[in-house]
Amino acid sequence: MKNLWFISLFAANILCAAVDPMAQATTPVARWEDTQKRLGYQRFQDKKKEAEINGDKIKIVFLGDSITHFWERASTGKAVFEREFAPYHTLNLGNSGDRTRHWLYIIEKYGVLETLHPQLVVTMIGTNNLGARECGAKETVAAIRKGISDVRRICPDAKILLFGIFPRGEGKNDPVFGAPIAEINAGIAKLDDGANVFYCDITDDLLEKDGTLSREIMPDLLHPSAKGYEIWAAAIRPYVEKFVK
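Residues numbered from 1 in each chain as written. Predicted model: local features only at pLDDT ≥ 70, side-chain atom pairs only at ≥ 80, totals over all residues. Heavy atoms only, no water.

*Asks:* If you had to explain the overall build of the chain to someone new, which residues and values would you point to?
*Replies:* Each helix and strand counted, the chain has 12 helices and five strands in total. Compactness check: the chain gives a C-alpha radius of gyration of 18 Å against a globular reference of 18 Å for 245 residues, within 12% of the reference. Each principal axis of the C-alpha atoms in the chain carries an extent, and together these give about 65 × 45 × 35 Å. Counting the 245 residues in the chain, one finds 53% classified as buried. A separation of at least 24 residues holds for 80% of the contacts in the chain among residues at least 6 apart in sequence. Just so you have it, the chain exposes about 11900 Å², and 54% of that area is on carbon and sulfur atoms. Across the chain, the 32 positively charged side chains and the 32 negatively charged ones have centroids separated by 3 Å. (Helix = DSSP H or I, 4+ residues; strand = E, 2+ residues; numbered from the N terminus. Rg over C-alpha atoms; globule rule 2.2 N^0.38 Å. Buried < 20%, exposed > 50% of the residue type's maximum accessible area, 1.4 Å probe, protein only. Contact = heavy atoms within 4.5 Å. Areas by Shrake-Rupley, 256 points an atom, 1.4 Å probe, with all protein chains shown as cover. Lys, Arg positive; Asp, Glu negative; His and termini not counted. Charge placed at Lys NZ, Arg CZ, Asp CG, Glu CD.)

And the structure:
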């Protein structure tokens, strides 16, 4: 039994070593294929129908993870979303738990963006890469760079509003997430070309004066409260006013 345990542990270590962090971050994979639990499957079937119904009426598309997904949650972002973005037939393709590889699947393989002509694409991704300990800042930046390039190719007439990853945990000085988030944000800020891709970082707006994250803004120190979504909406609003007609 002891030998069997040792062999299993050895095999697991070899498997982990064989996983390429860059491939983990940059290879598009459907969430429901990745987990074998069909997570997000029904959501994206519903979103396809929504895209078919609204078609060219859709002027804004959101892409991201749970922080984007929860614009639709009644206890957090829904009221703000309906007030600020619903008039533009906004399509929210954020999905809880998604990492960059799932985000890339929605961009590259899902097939909905190709059917739309949005004027603005709003996106934030990457915190789950760090939370899952699958890859680091370098790989996450590479994946985001790839996805932004793909959105430019698929939706050439859309402006892209790319947000820096929100702080989490203890904030800027969080021992696990603080430095990697800062490194990712510094890397993706370079994607701002001043013409088609615009980078926006609202870290300081979400933090207390001492650099910590309050539970009033993020009750679980990861997902925004309604107040947090108000702050995010205020940062998006100028780009909607400028680019969405």
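*Asks:* Can you explain unusual backbone geometry? Please cite residues and give values.
*Replies:* One non-glycine residue, Arg38, adopts positive backbone phi at about 55°. Tracing the backbone through its elements, the reader meets Arg38 in the loop between helix 3 (31-35) and helix 4 (41-54). The backbone of Arg133 shows a phi angle near 60°, a positive value even though the residue is not glycine. Along the chain, the position of Arg133 falls in the loop between helix 8 (127-131) and helix 9 (137-154).

*Asks:* Before we move on, could you go through the sheet that holds strand 5 (residues 197-200) and cite the residues and values that matter?
*Replies:* Sheet architecture is open: five strands sit in the order 2-1-3-4-5, paired in parallel fashion. In this open sheet, the two strands that pair with only one neighbour each are strand 2 (91-92) and strand 5. Contacting strand 1 (60-64), strand 3 (120-124), strand 4 (159-163) and strand 5, helix 9 crosses the sheet at an angle of about 160° to strand 4. Strands strand 1, strand 3, strand 4 and strand 5 of the sheet are contacted by helix 12 (residues 226-243), whose axis makes an angle of about 165° with strand 4. (Pairing = 2+ DSSP bridges. Axes fitted to C-alpha atoms, helices over the stretch in contact; angles between N-to-C directions.)

*Asks:* Pulling in residues and values, what's your account of the side chain of Asn185?
*Replies:* Note that Asn185 resides in helix 10 (residues 178-188). Ignoring sequence-local partners within four residues, the contact set of Asn185 consists of Gly164, Ile165, Tyr199, Asp201 and Thr203.

*Asks:* Which residues make up helix 9, and what are the values?
*Replies:* One turn of the α-helix equals 3.6 residues, which is why residues spaced by three or four share an orientation. Across its 18 residues, helix 9 extends 26 Å between first and last C-alpha, which sits within 8% of the 26 Å expected from 1.5 Å per residue. Residues Ala137, Glu139, Thr140, Val141, Ala142, Ala143, Ile144, Gly147, Ile148, Asp150, Val151 and Ile154 constitute the buried set of helix 9. (Expected span 1.5 Å × (residues − 1).)

*Asks:* Quick rundown of the packing of aromatic side chains? Include the residues and the values.
*Replies:* On inspection of all chains with the given rule, the structure shows 17 aromatic pairs. An angle of 75° between the planes, with centres 5.2 Å apart, marks the rings of Phe44 and Tyr110 as edge-to-face. Separated by 66 residues along the polypeptide, Phe44 in helix 4 and Tyr110 in the loop between helix 7 (100-108) and strand 3 bring together distant segments of the chain. A relative accessible area of 1% means that Phe44 is categorised as buried. A residue is classified by how much of its surface remains accessible, and Tyr110, at 6% relative accessible area, is buried. Here Phe166 and Trp232 contribute two aromatic rings whose centre-to-centre distance is 5.0 Å and whose plane-to-plane angle is 75°, an arrangement assigned as edge-to-face. (Phe/Tyr/Trp six-rings, centres within 6.5 Å; stacked < 30°, edge-to-face > 60°.)

*Asks:* With reference to specific residues and values, describe the pairing of strand 1.
*Replies:* Looking along a regular strand, one sees the side chains alternate between the two faces of the sheet. Among the five residues that make up strand 1, five are buried, leaving the element largely enclosed by the rest of the structure. Going residue by residue along strand 1, you find Ile60, Phe62 and Gly64 tucked away on one face and Val61 and Leu63 tucked away on the opposite face as well. Summarising the sheet, strand 1 and strand 3 pair through five bridges and their orientation is parallel. Bridged to Gly64 within strand 3 is Met124.

*Asks:* Got a sec to walk through the packing of helix 7 against helix 9? Specific residues and values, please.
*Replies:* Where helix 7 contacts helix 9, the two axes come as close as 10 Å, and the packing angle between them is 10°. It follows that helix 7 is roughly parallel to helix 9 by the angle criterion. Across the interface between the two elements, Thr100, Trp103, Leu104, Ile107 and Glu108 of helix 7 pack against Thr140, Ala143, Ile144, Lys146, Gly147, Ile148, Asp150, Val151 and Ile154 of helix 9. Here the contact of helix 7 with helix 9 is built from residues that sort into eight nonpolar, three polar and three charged. (Parallel < 35°, antiparallel > 145°, perpendicular 65-115°, else oblique. Nonpolar A, V, L, I, M, F, W, Y, C, P; charged D, E, K, R; others polar.)

*Asks:* Can you break down the environment of Leu91 residue by residue, with the values?
*Replies:* In this structure, Leu91 sits in strand 2. Relative accessible area serves as the criterion here: at 0%, Leu91 is assigned to the buried category. Remark: the alpha-carbon pair of Leu91 and Phe62, spanning 29 residues in sequence, is separated by 6.2 Å. When neighbours within four sequence positions are excluded, Leu91 is seen to be in contact with Lys47, Glu50, Ala51, Ile58, Ile60, Val61, Phe62, Val112 and Leu116.

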